[in-house]
Amino acid sequence: MLRLAHFSDPHLPSMPRPRFRELMGKRAIGFANWSFRRRHEHRIETLAAILADLKAQAPDHIALTGDLVNVALPGEFAAARDFLSQVGVPHDVTLVPGNHDAYVRATMGHAAAQWGDYMRGDDGSASFPFVRRRGGVALVGLSTAVPTPPFRATGLIGPEQMQRFDAVLSELDNASEPVVVLMHHPPTTFPHDKHKLLLDAYAFRALIGRHRVAAVLHGHMHVGALTWIGGVPVFGVPSASMTKGSETAGYNLYGFSNEDGWRCEIVSRRWRSSVITESARTSLPLG
């Protein structure tokens, strides 16, 4: 049995002071948004409490589905590397990037340079998708992180990565272990947030329908969610540092077991008024 912890969107609150020349274009808008609103919502003490509670649950592995940084300043990536070392060693933590990690084209390579060991397959591959096998479960990491214009936070897998993803799933179709896909953008729709959509979600859903996938885990929307692609559950989690708003910080624990067929027990833990407690528990059969 594998106990997998899943958290997302920490938006590390300790953002370095930017230089004037770094605040151009989209970064200027994002930094203003951070300064006047988001820095009051995403708090370092909340993130620290979530991480401490997560580690106290002693999961076998940890999945982090992106948005470590805010406006992709060069200094943010190094700080995020230090944060990742607190989460765990690369063997025990699997990371996929989010749209804020690819906020501007100028620093697109920084995530791979600083966090590459957390985004590498068991075969040493540093490209997406990658595959890691942990505790009898196959974790497949996808990247939906691409630079976008101001006021857009859409994601894209792209035709080349989609083709490789199809080939990876074809190989895993013949394996006995459940396949869990990690990605940042949700592959199902949230109609009220069209500026945050995965642009090739339809192609992704069609591909999933042709293969043996047990579950999909994502972040991005800052809410806990369970949606479906046919019979495949799709789990979203809140931002791990959110202190205010309709849904505050939290994470999920997934327990995979195989007794007369694969099942997954899902435990949701949430931060409420400085206390982290279990908010929901359910069990689902896996296809």
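Quick caveat: nothing in here was measured; it's all calculated off a predicted structure.

Applying the stated criterion across every chain, the model contains 10 salt bridges. With a closest N to O distance of 2.7 Å, Asp 53 and Arg 269 form a salt bridge. Note that Asp 53 is positioned in helix α2 (residues 44-56) and Arg 269 in strand β11 (residues 262-272), a separation of 216 residues in sequence. Arg 269 carries the same exposure label as Asp 53, and that label is buried. Between Arg 270 and Glu 247 there is a salt bridge, with the nearest N and O atoms lying 3.6 Å from each other. One end of the pair, Arg 270, is in strand β11; the other, Glu 247, is in the loop between β9 (232-236) and β10 (250-258), with 23 residues separating them in the sequence. Neither Arg 270 nor Glu 247 differs from the other in exposure class; each is buried. When salt bridges with common partners are traced through the structure, they connect Glu 265, Glu 278 and Arg 281 into a single cluster.

This part takes up the sheet that holds strand β5 (residues 137-141). Spatially, β4-β5-β6-β7-β9-β8 is the arrangement adopted by the 6 strands of the open sheet, whose pairing is mixed. Sheet topology places β4 (130-134) and β8 (225-229) at the edges, where each strand pairs with a single neighbour. Between one strand and the next, the sheet's axes are offset by a mean angle of 25 degrees, whatever the strand orientation. As judged from the 4 bridges shared by β5 and strand β6 (residues 179-182), these two strands associate in the parallel manner. What sits directly across from Gly 141, in β6, is Leu 182. On top of the sheet, helix α6 (residues 201-208) reaches β6, β7 (215-218), β8 and β9; it is set at about 65 degrees to β8, its chief contact.

In space, the 6 strands of this open sheet follow the order β3-β2-β1-β10-β11-β12, with mixed pairing throughout. Either end of the sheet is taken by a strand with one partner, and the two such strands are β3 (93-95) and β12 (275-285). Put simply, the sheet's adjacent strands are angled 20 degrees from each other on average, direction ignored. Bridge count for strand β1 (residues 2-7) against β10 is 5 bridges, and the pairing is antiparallel. The residue of β10 that forms the bridge with His 6 is Asn 252. Docked against the sheet, helix α3 (residues 74-87) engages β1, β2 (61-64) and β3, running at close to 150 degrees with respect to β2.

A few words on the side chain of His 6. Summarising the element assignment, His 6 is placed in strand β1. Here His 6 falls in the buried class, since its relative accessible area comes to 0%. A distance of 3.1 Å separates a polar atom in the side chain of His 6 from a polar atom in the side chain of Thr 65. A distance of 3.5 Å separates the side chain of His 6 from the backbone oxygen of His 218, its partner in a polar contact.

As a further point, take α6. Within the span of α6, buried status applies to Ala 201, Phe 204, Leu 207 and Ile 208. All buried residues of α6 project into a common sector of 125 degrees when viewed along the axis, lining one side. Where α6 is buried, its residues meet α5 (159-172), β6, β7, β8 and β9.

Attention now moves to the packing of α2 against α3. Running from amino to carboxyl end, α2 crosses α3 at an angle of 30 degrees, the nearest separation of the two axes being 11 Å. Taken together, the axes of α2 and α3 lie roughly parallel to each other. For the pair α2 and α3, the contacting residues are Leu 47, Leu 51 and Lys 55 in the first and Phe 83, Gln 86 and Val 87 in the second. The class makeup of the residues in the contact of α2 with α3 is 4 nonpolar, 1 polar and 1 charged.

Core analysis: the biggest nonpolar cluster contains 57 residues, and Phe 7, Trp 115, Tyr 254 and Phe 256 have the highest contact counts within it. With 5 residues, the top contributor of residues to this core is α3. Discounting chain neighbours no more than four positions away, the residues touching Phe 7 are Leu 54, Ile 62, Ala 63, Leu 64, Thr 65, Phe 83, Val 87, Val 237, Ala 240 and Tyr 251. Leu 169, Val 181, Phe 204 and Leu 207 belong to the second-largest nonpolar core, a separate cluster that totals 22 residues.

Turning our eyes to something else, we now look at the packing of aromatic side chains. Two measures describe an aromatic ring pair: the distance that separates the ring centres and the angle between the ring planes. A full pass over the atoms with the stated rule returns 5 aromatic pairs. Residues Phe 165 and Phe 204 carry aromatic rings whose centres are separated by 5.7 Å and whose planes lie at 10 degrees to one another, so their mutual orientation is stacked. Placement of the pair is Phe 165 in helix α5 and Phe 204 in helix α6, with a sequence separation of 39 residues. Assessed through its relative accessible area of 0%, Phe 204 is described here as buried. The residue whose ring lies beneath Lys 26 is Tyr 103, and the NZ or CZ to ring-centre distance is 4.5 Å.

Cut-offs used in this document
- Residues numbered from 1 in each chain as written.
- Predicted model: local features only at pLDDT ≥ 70, side-chain atom pairs only at ≥ 80, totals over all residues.
- Heavy atoms only, no water.
- Salt bridge = Lys/Arg side-chain N within 4 Å of Asp/Glu carboxyl O.
- Helix = DSSP H or I, 4+ residues; strand = E, 2+ residues; numbered from the N terminus.
- Buried < 20%, exposed > 50% of the residue type's maximum accessible area, 1.4 Å probe, protein only.
- Pairing = 2+ DSSP bridges.
- Axes fitted to C-alpha atoms, helices over the stretch in contact; angles between N-to-C directions.
- Contact = heavy atoms within 4.5 Å.
- Polar contact = N/O pair within 3.5 Å; in protein donor to acceptor, adjacent residues only side chain to side chain.
- Arc of directions from axis to C-beta.
- Parallel < 35°, antiparallel > 145°, perpendicular 65-115°, else oblique.
- Nonpolar A, V, L, I, M, F, W, Y, C, P; charged D, E, K, R; others polar.
- Core = buried A, V, L, I, M, F, W, Y, C linked by side-chain atoms within 4.5 Å.
- Phe/Tyr/Trp six-rings, centres within 6.5 Å; stacked < 30°, edge-to-face > 60°.
- Lys NZ or Arg CZ within 6 Å of the ring centre and 35° of its normal.

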